Amino acid sequence: MKKMNKIYITPHTHYDAVWVFNKEDYFYINIDFILKEAVELIEKHGYRFMIEQTYLLEEIERRNPCLFEKITKLIKQGKIEIADGEYLMADTMLPHGETLVREILFGKRYVKEKFGKDVPVMWQADSFGLNAQLPQIYKKSGYKYLTFRRGAKKDNPSEFWWEALDGTRILTHWMPMGYRAGLVLDKLEESFQKLKKLAATEHIFMPSGSGSVMPQVETMKAIKDWNKTHKDSKMEIATPIKFFEGLNQNTKNLETQKGEFYSGKFSYVFPNVTSSRMWIKQGLRKYENYILNSEKWSTISWLLGNYYPRKELNECWTKILFTGFHDVIPGTGIDETYDEVKEGFTFLDTHLSNIKNQSQSTIYENLKEDFVVFNPLSWNVKNWVEIKMQFDKGKVKKIRGIKSGSKEYEIEILEFIKYEDDSLQNIKFGFIADVPSLGYKTYKILEKLPKTSPKKEFKTKGNIIENQFFKIKIEQTTGLIDVFKDKHWIAKGNELVLENETGGLYYHHQNLEEPLKTEGGEGVRYGCFEIKNFETKKSPLRRVITLKEDYYSLRWPYRMLEKMKPVLLRQKCISIVKKIIIYRDLPRIDFITKIDNKHPEIRIRVKFSTDINSPTYNCESQYGAIERPVNEYYADSKDHMEKPSGIYPSQNWIDYSNEKKGLTIMNQGIPSNEIRDNDIYLTLLRSVLMVSADGIAGPSIPVPDAAELKKYTFNYSIFPHFNDWKKANSHKAGTEYNNELRALQLPNKKSSESIKTKSTSEFSFLKIKPDNLVLTSMKKTEDSDKIILRFFEAKGEETNGEIILFKEPKQVKSADLLEKTNSEYKDRIKWNNGKIIKIAVKPFEIITLKIKF
């Protein structure tokens, strides 16, 4: 017997906190025109409604207590449903995994506190693609169901199980017609027929809303008329949970889909937003790491008997969560939208600096050496660190080395100022520190040359520099480098590529098939790069190559260039300073590229060329790593809504390897990457003039600030290696590059008795073994004095983990991402009332422990 189709019409509003209107406009639209009307329709006509984000509800509570009281009553009655339930609907591809967790944590705690409700449905209406670990994140945050709009890899069926990298599954519905399927009431039949063809069961979901229109009183009549004229189906007005409860009764034959949803075949994901307004991407990465590390040190300080700044940290988190919103971090809004982001970054600079300084000062106040270096990661880290020190007049004549415990170390002096008696007033120097996991190491300064064990020194011959890890050859006419490892060529690069840009914030478009110009000389004949200065600074620890150059849009002559050199250069548009840093004792090469851009409508990328010839490459994603195809630029775009571009976002690193060798490229807030024809690209910036150049992705509104006519500093690094990224531990290299060691001068004062740790030259507060288990959060819970430890498995390997604490806990429990105790891995936790906790971890699994001390 044929089952009757059940159609669920769900009125809702999609709330944009900011986009092409400003924040106040969107409050006005949503509160006065949408929610007031929706409440009235519910009260008078049996209407139903769905609200997404708690940021809007918090504002209603502040501005309109009467309306908030009505909404509260209707939520408790089940006539309004909160789906999504995040503080703000996050972009899920660009922010850190912990930012996604806190969006949910802040939102769901508010919903529970104000309305006494859980949020079982995740409503991902507008994130530009979904990362591969979301099923795990969502299930461990208390969601049972997911509905989403963008990035589906196939259109049929529209209901399925979506499986995360660790195997966690969530019941999922893809919105084939977006969140407006039931919005146009005189086209319900047409919409129904389209959705029916794609539905896996007789349950048909029709979202009926938008942030661009008011609720429709005619909806109830349209449903009534439908049910009079259709005997094979029944339509009802309902919230999302009603649809999913129906679907959940018939999941036996649903297929399972795996991996990320970042395809433009059936919906737009706008891959080039990953390089719009790059200062936002750089800022979010910086402050995510800043706050997560501040939480760790604040937690340690609290365990030592000091104040934990929960309120202050949460206020900082709200600034980060606003930046993580799906129309903020992509950079796709009008210029004035980002004034609040700039103010937020200024706030974070000040407040997080105070929080970290205060917490670390309580840790180091009984230490007796000259300075201390802190490591925020859960494994021992060997990295470059710099420190500025100040001295009273006559106290220190010179510094020639440093000492920790019985070992002495070389330093590189970077700058100094002396008093008139030739003693040091202040000095800045750098060195390679080796610091215990989530701990510190103290150092004394030496006025004599340090006694060090023999090292493999640099070998320098002409334009070739070699250390113990690799050899690089520098082309002095272009500044490009070739990298060799044990005589095997790995890559050639650090080549700037300038391309014509005629797109907007959403898309890259170019009129030219070739670049405007590359540093290697390719491109349109009119322009050229000119090197102004090239120098190499040598120390026992580093080689620092500095290249200064300009790009001119016009040279003369510009024909017969193989015979004639240019004698006139005009229209200087870009000034560039590039630093290449090779370390004696570190297996990576750092690049600092400063660009002063005066060239509108341009895309600037940096390129590294290889001969690796692998069909795929790997990118760090939230709580894991994902394999992606190369050469997507050439993929068949037939029947695609959005032509494949090959552009993808990454977190800290990408890696291109074959069985023999590979190249890991790390970045600090430069997420946009592509691999094409064995060339690896990072997009440094795109200069655009409009929100949408074609008026399709959004309105054609001028955005002068997005022209990026400003100064930028870009930090990226390469890690040449043999074998694949797992054997090379690329995840460690990328994490260390983004979480720097911090050195602080110790005050001259007597030891304090308030700290219960011993005054030792080095100390570890926490260590997690092995190092494919990566600590992402150490904080106090939101509602108790217990500690949350969260980490994930980074290589996709079954792992027996070991956590070594500096003090014995009283209780160790399994918890979810909402910090609620559960029994998910209760049987895998092995703890015998000591300082060591053992746990078996699945590949790419996110583990949260709740610990009482």
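Let me sum up the structure you'll find in this document. Bear in mind that the values here come from a model prediction, so they are computed numbers and not experimental data.

Strand order in this open sheet of nine strands is β24-β25-β26-β27-β36-β33-β32-β29-β30, and the pairing throughout is antiparallel. Sheet topology places β24 (528-538) and β30 (624-629) at the edges, where each strand pairs with a single neighbour. Geometrically, the sheet is characterised by an average inter-axis angle of 20° between neighbouring strands, direction not taken into account. The sheet contact formed by strand β33 (residues 661-667) and strand β36 (residues 711-722) spans seven bridges and is antiparallel.

Applying the stated criterion across every chain, the model contains seven cavities of 30 Å³ or more. Of the volumes computed, that of the largest cavity is approximately 250 Å³. As for the largest cavity, its lining consists of 20 residues, and the residues nearest its centre are His96, Asn652, Thr735, Val774 and Thr776. Contributing elements (two or more residues each) for the lining of the largest cavity: α9 (278-303), β29 (616-621) and β40 (773-780). Tallying contributions element by element places α9 first for the lining of the largest cavity, with five residues. For the lining of the largest cavity, the class distribution of residues is six nonpolar, eleven polar and three charged.

There is a patch of nonpolar side chains on the surface, built from Tyr28, Phe33 and Met214 and spanning about 320 Å² of accessible area. Locating Met214 in the fold gives a position in the loop between β8 (203-209) and α7 (219-229). With a relative accessible area of 48%, Met214 lands in the partly exposed category.

Before going further, it helps to spend a moment on the sheet that holds strand β5 (residues 145-148). Either a parallel or an antiparallel arrangement is found when strands of a sheet pair, and the pairing is made through backbone hydrogen bonds. On the basis of which strands lie adjacent, the open sheet formed by five strands has the order β4-β5-β7-β6-β10 and mixed pairing. Two strands close off the open sheet at either side, each with one partner strand: β4 (121-124) and β10 (256-258). Neighbour-to-neighbour, the strand axes of this sheet turn through a mean angle of 35°, independent of strand direction.

Further remarks concern the nonpolar core. Residues Ile71, Ile137, Phe371, Val373, Phe429 and Phe431 are the most contacted members of the largest nonpolar core, which totals 199 residues. With nine residues, helix α1 (residues 23-45) is the largest single contributor of residues to this core. If we ignore the near neighbours within four places in the chain, the residues touching Phe431 are Phe371, Val373, Asn383, Trp384, Val385, Ile402, Glu410, Ile411, Tyr443 and Leu541. Ranked by size, the runner-up nonpolar core spans 35 residues in total, among them Leu744, Leu766, Leu775 and Ile837.

Definitions and cut-offs
- Residues numbered from 1 in each chain as written.
- Predicted model: local features only at pLDDT ≥ 70, side-chain atom pairs only at ≥ 80, totals over all residues.
- Heavy atoms only, no water.
- Pairing = 2+ DSSP bridges.
- Helix = DSSP H or I, 4+ residues; strand = E, 2+ residues; numbered from the N terminus.
- Axes fitted to C-alpha atoms, helices over the stretch in contact; angles between N-to-C directions.
- 1 Å grid on protein atoms, 1.4 Å probe; cavity = no way out; pocket = protein on both sides within 12 Å on 5 of 7 lines; lining within 4 Å.
- Points joined across faces, edges and corners; volume = space filled by probe spheres on them.
- Nonpolar A, V, L, I, M, F, W, Y, C, P; charged D, E, K, R; others polar.
- Patch = residues over 30% accessible without salt bridge, like charges linked within 9 Å, V, L, I, M, F, W, Y side chains within 5 Å.
- Areas by Shrake-Rupley, 256 points an atom, 1.4 Å probe, with all protein chains shown as cover.
- Salt bridge = Lys/Arg side-chain N within 4 Å of Asp/Glu carboxyl O.
- Buried < 20%, exposed > 50% of the residue type's maximum accessible area, 1.4 Å probe, protein only.
- Core = buried A, V, L, I, M, F, W, Y, C linked by side-chain atoms within 4.5 Å.
- Contact = heavy atoms within 4.5 Å.

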